Amino acid sequence: KQIGFSIDEIKKVILKDLSEEELVKFLADKKKEIERLADEEKQKARRIDAYLNNIKLERKMESNVILKELPEVIVASMREVIPNYEEFNNFYPKMGKLMAKHGARCAVPEYCFTIYHDGEYREKDIDVEICQAVEERLPSADGVSYKLIKAFPTAACILHKGPYSTIGKSYEAVFSWIEGNGYRIVDNPRESYIDGIWNKEDPADWLTEIQVPIAKK
């Protein structure tokens, strides 16, 4: 082709006695076609760039996975199926008031986490158990259970910076790392909250550690 014209198109123009007006229209139509094809190619290039960026991001995130022990801990806990992540803003204060009523004292250093009983990341109808490490095991009451959670010698952990609405990418990264490194998941994943709405106004500054108990296959 020459400037987007096929040999057949060039022959048709040469052999056909076109008026100046017809030739201008032919060339204008051809220009539009070339521009349309160029836009389609640019869109393809943008999609490829986005795909490559996602691959790079996932690899970078996977490289940030660390292994550590999850210690045995006494917790106050409540379990519910909540409609979405925003409901945590009501769920945690609810348990906090009941713990105060029971005289429960938080352990030091503080360890606050959520166990996901669905066994996977979900955005709605989430079966969660919120847990707060406490100094002693009190009698369970008012829907709050005081119990001992066993230790796990190995957990794959990754830090998620930002709002909970974007945490799915971090879950994908840690699950991919587990599969790619010959491990299997042996218990439900947890989220340990380091920074959040209680001490950081901007959700971009929230910091959460995803903890997934694992063992070698």
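Residues numbered from 1 in each chain as written. Predicted model: local features only at pLDDT ≥ 70, side-chain atom pairs only at ≥ 80, totals over all residues. Heavy atoms only, no water.

## Some points on the overall build of the protein chain
Along the backbone of the protein chain there are four helices and nine strands. By residue count, 33% of the 217 residues in the protein chain fall in the buried class. Here the contacts in the protein chain between residues at least 6 apart in sequence split such that 74% fall between residues at least 24 apart. (Helix = DSSP H or I, 4+ residues; strand = E, 2+ residues; numbered from the N terminus. Buried < 20%, exposed > 50% of the residue type's maximum accessible area, 1.4 Å probe, protein only. Contact = heavy atoms within 4.5 Å.)

## Focus on the packing of aromatic side chains
Under the defined criterion, the tally for this structure stands at seven aromatic pairs. Summarising the aromatic geometry, the rings of Tyr116 and Tyr171 are spaced 6.5 Å apart at their centres and angled 80 degrees between planes, so their arrangement reads as edge-to-face. Here Tyr116 is found in strand β3 (residues 112–116), whereas its partner Tyr171 is found in helix α4 (residues 168–180), with 55 residues between them in sequence. Of the residues examined, Tyr116 reaches a relative accessible area of 2% and is grouped as buried. The structure contains a cluster of three or more aromatic residues connected by ring pairs, namely Tyr92, Tyr164, Tyr193 and Trp206. (Phe/Tyr/Trp six-rings, centres within 6.5 Å; stacked < 30°, edge-to-face > 60°.)

## Focus on the side chain of Ser170
Looking at the secondary structure, you find Ser170 in helix α4. Taking relative accessible area as the criterion, Ser170 reaches 2% and is therefore assigned buried. Within the structure, the side chain of Ser170 is placed 2.9 Å from the side chain of His160, a separation counted as a polar contact. (Polar contact = N/O pair within 3.5 Å; in protein donor to acceptor, adjacent residues only side chain to side chain.)

## Topic: the pairing of β3
Burial analysis of β3 places five of its five residues in the buried class, the great majority of the element. Going residue by residue along β3, you find Cys112, Thr114 and Tyr116 tucked away on one face and Phe113 and Ile115 tucked away on the opposite face as well. Across three bridges, the pairing between β3 and strand β8 (residues 190–195) is antiparallel. Paired with Ile115 across the strands is Arg190, a residue of β8. (Pairing = 2+ DSSP bridges.)

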